[in-house]
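A closer look at the structure
In case you want the letters, here they are:
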Amino acid sequence: AQSVTQLGSHVSVSEGALVLLRCNYSSSVPPYLFWYVQYPNQGLQLLLKYTSAATLVKGINGFEAEFKKSETSFHLTKPSAHMSDAAEYFCAVRNAGGTSYGKLTFGQGTILTVHP
Amino acid sequence: DTAVSQTPKYLVTQMGNDKSIKCEQNLGHDTMYWYKQDSKKFLKIMFSYNNKELIINETVPNRFSPKSPDKAHLNLHINSLELGDSAVYFCASSQAGPGQGRGNTIYFGEGSWLTVV
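If you're wondering where the values come from, they're calculated on a predicted model, not measured in any experiment.

Counted according to the given criterion, the structure contains 6 salt bridges over all chains. For A:Lys103, the salt bridge identified is with B:Glu58, shortest N-O distance 3.2 Å. In this pair, A:Lys103 sits in the loop between β9 (87-94) and β10 (104-106) while B:Glu58 sits in the loop between β6 (53-57) and β7 (64-70), so the two residues belong to two different chains. The salt bridge involving B:Arg63 is made with B:Asp85; its shortest N-O contact spans 2.8 Å. Placement of B:Arg63 in the loop between β6 and β7 and of B:Asp85 in the loop between β8 (73-78) and β9 (87-94) is noted, with a sequence separation of 22 residues between them.

Residue position: A:Arg94 is located in strand β9. Lacking a salt bridge, the buried A:Arg94 has B:Asp30 as its closest oppositely charged neighbour, with an N-O distance of 8.6 Å. There is a polar contact of 2.7 Å between the side chain of A:Arg94 and the backbone oxygen of B:Asn104.

So, about the interface of chain B and chain A. With 29 residues of chain B in contact, the opposing surface of chain A contributes 27 residues. Both sides together, the interface formed by chain B and chain A hides about 2,300 Å², and carbon and sulfur atoms give 54% of it. For the pair chain B and chain A, the interface holds 2 salt bridges. Taken together, chain B and chain A are joined by 9 residue pairs in polar contact (both at pLDDT 80 or more). Put simply, the parts of the chain that give the side of chain B that touches chain A at least two residues each are β4 (31-37), β5 (43-50), β6 and β9 of chain B. Grouping the amino acids of the side of chain B that touches chain A by side-chain chemistry returns 13 nonpolar, 11 polar and 5 charged.

Bringing the nonpolar core into the picture now. Among the nonpolar cores identified, the biggest contains 27 residues, and A:Trp35, A:Leu48, A:Phe74, A:Leu76 and A:Tyr89 are the most heavily contacted of them. The residues touching A:Tyr89, leaving out its near neighbours within four places in the chain, are A:Gln6, A:Leu21, A:Trp35, A:Tyr36, A:Val37, A:Leu47, A:Phe63, A:Leu76, A:Gly109, A:Thr110 and A:Leu112. B:Val4, B:Cys23, B:Leu81 and B:Ala87 belong to the second-largest nonpolar core, a separate cluster that totals 20 residues.

Backbone phi values are negative for most residues with the exception of glycine, while trans is the configuration of most peptide bonds. With an omega dihedral of -5°, the bond running from B:Thr7 to B:Pro8 counts as a cis peptide bond. Mapped onto the elements, B:Pro8 comes out in the loop between β1 (4-7) and β2 (10-13). Of note in this structure, A:Thr72 is not a glycine but carries a positive phi near 45°. Position of A:Thr72 among the secondary structure elements: in the loop between β7 (64-68) and β8 (73-78). A:Thr72 gets classed as partly exposed once you look at its relative accessible area, which sits at 32%.

Next up on the list: the sheet that holds strand β1 (residues 3-7) of chain A. All names here are of chain A. If you trace the 5 strands from one edge of the open sheet to the other, you get β1-β3-β8-β7-β6, paired in antiparallel fashion. With partners counted over all chains shown, the strands left at the sheet margins are β1 and β6 (56-58), one partner each. For this sheet, the mean angle separating the axes of adjacent strands, direction not counted, is 20°.

So, on to the sheet that holds strand β3 (residues 19-25) of chain B. Residue and element names in this part refer to chain B. The strand order β1-β3-β8-β7 describes an open sheet built from 4 strands, whose pairing is antiparallel. A strand with exactly one partner marks an edge of an open sheet, and here the two such strands are β1 and β7. On average, each strand axis in the sheet is tilted by 20° relative to the strand beside it, whichever way the strands run. In the sheet, β1 pairs with β3 via 4 bridges, with the strands oriented antiparallel. By the bridge assignment, Thr7 is partnered in β3 with Lys22.

What counts, and where the lines are drawn
Residues numbered from 1 in each chain as written. Chains lettered and ligands numbered in written order. Predicted model: local features only at pLDDT ≥ 70, side-chain atom pairs only at ≥ 80, totals over all residues. Heavy atoms only, no water. Salt bridge = Lys/Arg side-chain N within 4 Å of Asp/Glu carboxyl O. Helix = DSSP H or I, 4+ residues; strand = E, 2+ residues; numbered from the N terminus. Buried < 20%, exposed > 50% of the residue type's maximum accessible area, 1.4 Å probe, protein only. Lys, Arg positive; Asp, Glu negative; His and termini not counted. Polar contact = N/O pair within 3.5 Å; in protein donor to acceptor, adjacent residues only side chain to side chain. Contact = heavy atoms within 4.5 Å. Buried area = accessible area lost by both parts, 1.4 Å probe. Nonpolar A, V, L, I, M, F, W, Y, C, P; charged D, E, K, R; others polar. Core = buried A, V, L, I, M, F, W, Y, C linked by side-chain atoms within 4.5 Å. Pairing = 2+ DSSP bridges. Axes fitted to C-alpha atoms, helices over the stretch in contact; angles between N-to-C directions.

It is worth stressing that arrangement in space is one thing and function is another; only the former is reported here.
This is the structure we're talking about:
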């Protein structure tokens with residue numbers, strides 16, 4: 001079975017500061033990893049994904065993530081936080097099994113707060 | 001144009017009632033999903049359909065019955081609603097098919113907030 005763990009249910013940063021949201025995965029096969037963002041009372045929007053190509057993945061809104069196999073990590077970063085980045089962020093792994101019907105298994109989520 | 005749309009967005013109902021949530025996607029995808037987000041914001045898959053065929057059923061009570069009249073629609077019917085069914089239900093879709101792998105993005109709807117009183 002595959003799983004992801006997000007370290008830190010809440011992260012608070014100042015506007016302009018570095019954002020670092022941690023995600024570690026567990027998988028017996030090469031993982032496909034995703035970061036989604038959920039704004040209050042809204043659905044999930046894909047930020048970026050890793051699908052075994054480049055290990056540094058750039059996404060929307062200035063976010064990027066680096067796949068590190070040796071650390072089994074896929075941390076999400078943004079150099080400079082904006083107030084509009086305040087939301088909940090979910091890391092997810094796509095189920096392996098020889099089919100692309102695979103489900104997404106989500107981490108517990110990290111709430112990002114940005115203060116002036 | 002909304003890619004994955006669900007109705008209703010908000011639903012308040014009494015215990016014991018039967019309710020349905022409808023979902024439609026206009027992305028031309030052949031796989032659709034229902035996910036449940038509980039009060040602690042934990043997201044878990046409930047069902048997955050591919051071309052109207054049930055692929056995944058994650059130990060969901062029989063009171064929950066998905067129906068897919070065509071590959072663009074996946075509705076969720078819930079019988080005898082219980083307090084514990086209160087949650088946000090997300091419909092989602094993706095493109096599957098041979099050779100396309102697990103890298104395909106799953107697109108989510110805006111969610112349906114169900115409150116059982």
